[in-house]
Amino acid sequence: MPTEMTVTKFGHACIRLEKSGRRLVIDPGSFTDVPTALEGSEHILVTHEHADHLDEGPVLEYLAAQPAVTVRAPAVPAARLAEAAVAAGLDAARIIAAGPGEQFEVAGFAVRTVGGQHALIHPQIPVVANTGYILDDLVYHPGDSYIVPPGPVPDTVLVPLSAPWSKLSETLDFIVAVRARQVIPVHDGLLNGRGLPMYRRHAGTFAERYGSTLTVLEEGESTWIG
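Parameters and conventions
Residues numbered from 1 in each chain as written. Predicted model: local features only at pLDDT ≥ 70, side-chain atom pairs only at ≥ 80, totals over all residues. Heavy atoms only, no water. Pairing = 2+ DSSP bridges. Helix = DSSP H or I, 4+ residues; strand = E, 2+ residues; numbered from the N terminus. Axes fitted to C-alpha atoms, helices over the stretch in contact; angles between N-to-C directions. Phe/Tyr/Trp six-rings, centres within 6.5 Å; stacked < 30°, edge-to-face > 60°. Lys NZ or Arg CZ within 6 Å of the ring centre and 35° of its normal.

Trainee: Tell me about the sheet that holds strand E3 (residues 22-26), and name the residues and values.
Mentor: Judged by pairing direction, the sheet is mixed, and its 7 strands sit side by side in the order E6-E5-E4-E3-E2-E1-E14 without closing on themselves. Each end of this open sheet is capped by a strand with a single partner; those strands are strand E6 (95-97) and strand E14 (222-225). Recorded for the sheet is a direction-independent mean angle of 20° between the axes of neighbouring strands. In terms of strand pairing, strand E4 (residues 43-45) meets strand E5 (residues 70-73) through 3 bridges, oriented parallel.

Trainee: If you had to explain the packing of aromatic side chains to someone new, which residues and values would you point to?
Mentor: Taken as a whole and judged by the stated rule, the model has 3 aromatic pairs. Ring geometry for Tyr146 and Phe174: centres 5.1 Å apart, planes at 40°, overall tilted. Taken as a pair, Tyr146 in the loop between strand E10 (139-141) and strand E11 (156-160) and Phe174 in helix H4 (residues 168-178) lie far apart in primary sequence, 28 residues in all. One Lys or Arg, Arg72, reaches over the ring of Phe104 and ends 4.1 Å from the middle of that ring. Seen from the ring of Phe206, Arg209 lies directly overhead, with NZ or CZ sitting 4.7 Å from the centre.

Written out as C-alpha cells, the structure is:
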C-alpha cells in the first residue's frame, strides 16, 4: 500500500488527507469552510459531537450531492447525523458509529481508533465520547484529547494548541509524551493574531527540545507525509 500522503489543514481542527488521488476529511466543523475542505473526499471521520468538529448542515449537503460518501463518528453524533440524513431523504446506513479499538479501511487508508473520552472542560459539564484516528500508522488526529496512542509512534501527530479544556502545559506535555517525528498544530481557531504566535513558539521550542519538528500549516496549506 502506498504510504506517501498529503495533509492539508483547513479551519481550526479540520484536515484533509490525500493519497493516490483519494481523499478523506477529519472534523469538518463550524470554524471551517466545509464545502472547500470536503471537495473530492470519499469519507468523513468525526472525532466528537461538538460543532467546531462537526458542522452538520454542510456535511449533509455534501452527502446529498455525493451518494457514495460515508461518515464515521462516535455513537451520539452518528445517531444524530443519521436521523437528520433520513429526514433529508438520505440513507442512514452511510453514517457509521465508531469507537476506540477498531480497525477499518476507507478511501484507501488503514484506520485505527483510539481514546474514548473528550478531555474534561469542567466537572459540571458532561464529558462526551471522543474517538482519535490513526491513519496508515503515520498520522494521528486525537480530537479533543491528549491521549498518547498505544503501539508504534505515528510519524506525524496533530497537536491541539488551545481549547476550553486545555492549558499550555498540557499541550507541551503531549508533545513531549508522543515524541513524533513531526507535530502539526491544530485546534487554534480560538486564538487571535497576537496569541497564536506565542503558542506556536512554545510548541516549537518543546518539539525541538524533545526531537520533534514543528510544521506550521496555515489554512489551505499542505505538507507531505511518508
